[in-house]
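# A look at the structure
Read off the chains here:
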Amino acid sequence: MDKETQPAFFGRRQSPLSKLIWFGGLAIALAITDSYWNYLKGVRQNVSVALYPLQKMATLPGQWWESVSTLATAHTALQQENQMLRMRELQVTDQLQREQALQQENQELRRLMGLSSQPYRQGQVAEMLYAGRDPFTRKIIIGKGLDADVAQGVPVLDGEGLVGQVTLVHKLVSEVTLVTDKNFLVPVEVQRTRQRTLLYGLGVAGTMEVRFMAVNGDVQQGDLLVTSGLDGIYPPGIAVARVSRVERNSTLPFAKVLATPVAGVEQSRFLLVLSPKPALPAYPQPPEPEKTEGKKGKGKGGKS
């Protein structure tokens, strides 16, 4: 299209103000016409359909960002909730373990109090602090000493039976030699038959040996060995060990009898330390013979 055929409006260069007035008036006229007669409804619908993909594409970045932000927030919230649940689980587990430990301690203390209520087993409860330092001995340290009137040589028990004997006493703590120590010896008897014998420690955890039991002696696997009380140290009737194995050889004079301690020798935390045995009354002295020499002398002088 050359300059001769161009419309007069586009042929001349219009100023921006005139264009603004022209298009502004046209927009107002169209708005008024559409509001009264609704002529542009179809055009608007067609334009909105054509622009819908562009609108969706324009909103996609915002939706993506919102989705990522929501996902990140949810992930952070889930992590925090997971940490809270783990902390709560640990707290509950710790509380449960404490309650179980308190229950076990309570049961041990009840058993010990039941033992101490018997007239010949009066004593005091002590806590096991740690094991002895010598690896070749079976000893433990308890938290009672001279300050608690613990005496050397007294028996130490738990809720099941004999644990050992106090062999060394300090100001605040005491040393207890366990029944499994290789130097430990206690006179016992088979509860079923009342047959007396000697029980020795072997220096090995969980193992003791009955010595000098005749090869034809009436002892069986599972028999309970209790203190006989003949030594004057251990009260009679305290459970010590249970026979675990019996070996007999007719060529030997004695049977080989192994036993397992019934007490929690190296597991019990609370122990019962028996009070010292009261001193026995002094043995009565025989009456002194009467002096008869003076009487005899007087009798002879009288006759003379």
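Predicted model, so just to flag it, every value in this text is computed and none were measured.

This part is about the overall build of the protein chain. For the protein chain, the count of helices and strands is four helices and 12 strands. Looking at the 304 residues of the protein chain, the share that counts as buried comes to 26%. In the protein chain, of all internal contacts separated by at least 6 residues, the share reaching a separation of at least 24 is 55%. Accessible area for the protein chain stands at about 21700 Å²; split by element, carbon and sulfur atoms hold 58% of it.

Moving on, we get to the nonpolar core. Counting 41 residues, the largest nonpolar core has Leu162, Val166, Val186, Leu199, Leu225 and Val273 as the members making the most contacts within it. Sort the elements by how many residues they give to this core and strand E12 (residues 270-274) lands first, with five residues. In this structure, Leu199 is in contact with Phe184, Leu185, Val186, Val188, Met208, Glu209, Val210, Leu225, Val240, Ala241 and Ala259, ignoring residues within four places of it in sequence.

As a further point, take the sheet that holds strand E5 (residues 174-178). Strand order in the closed barrel made by the six strands is E1-E2-E5-E4-E3-E12, with antiparallel pairing throughout. In this sheet, neighbouring strand axes are inclined to one another by 45° on average, regardless of whether the strands run parallel or antiparallel. Direction of pairing for strand E1 (residues 123-131) relative to E12: antiparallel, over a ladder of five bridges. Within E12, the position partnered with Val125 by the bridge is Leu272.

Attention shifts here to the pairing of E1. When E1 meets strand E2 (residues 139-142), the two strands line up antiparallel, connected through three bridges. Paired with Met128 across the two strands is Ile142, which belongs to E2.

Quick notes on the rules
- Residues numbered from 1 in each chain as written.
- Predicted model: local features only at pLDDT ≥ 70, side-chain atom pairs only at ≥ 80, totals over all residues.
- Heavy atoms only, no water.
- Helix = DSSP H or I, 4+ residues; strand = E, 2+ residues; numbered from the N terminus.
- Buried < 20%, exposed > 50% of the residue type's maximum accessible area, 1.4 Å probe, protein only.
- Contact = heavy atoms within 4.5 Å.
- Areas by Shrake-Rupley, 256 points an atom, 1.4 Å probe, with all protein chains shown as cover.
- Core = buried A, V, L, I, M, F, W, Y, C linked by side-chain atoms within 4.5 Å.
- Pairing = 2+ DSSP bridges.
- Axes fitted to C-alpha atoms, helices over the stretch in contact; angles between N-to-C directions.

On their own, these measurements won't tell you what the molecule is for.
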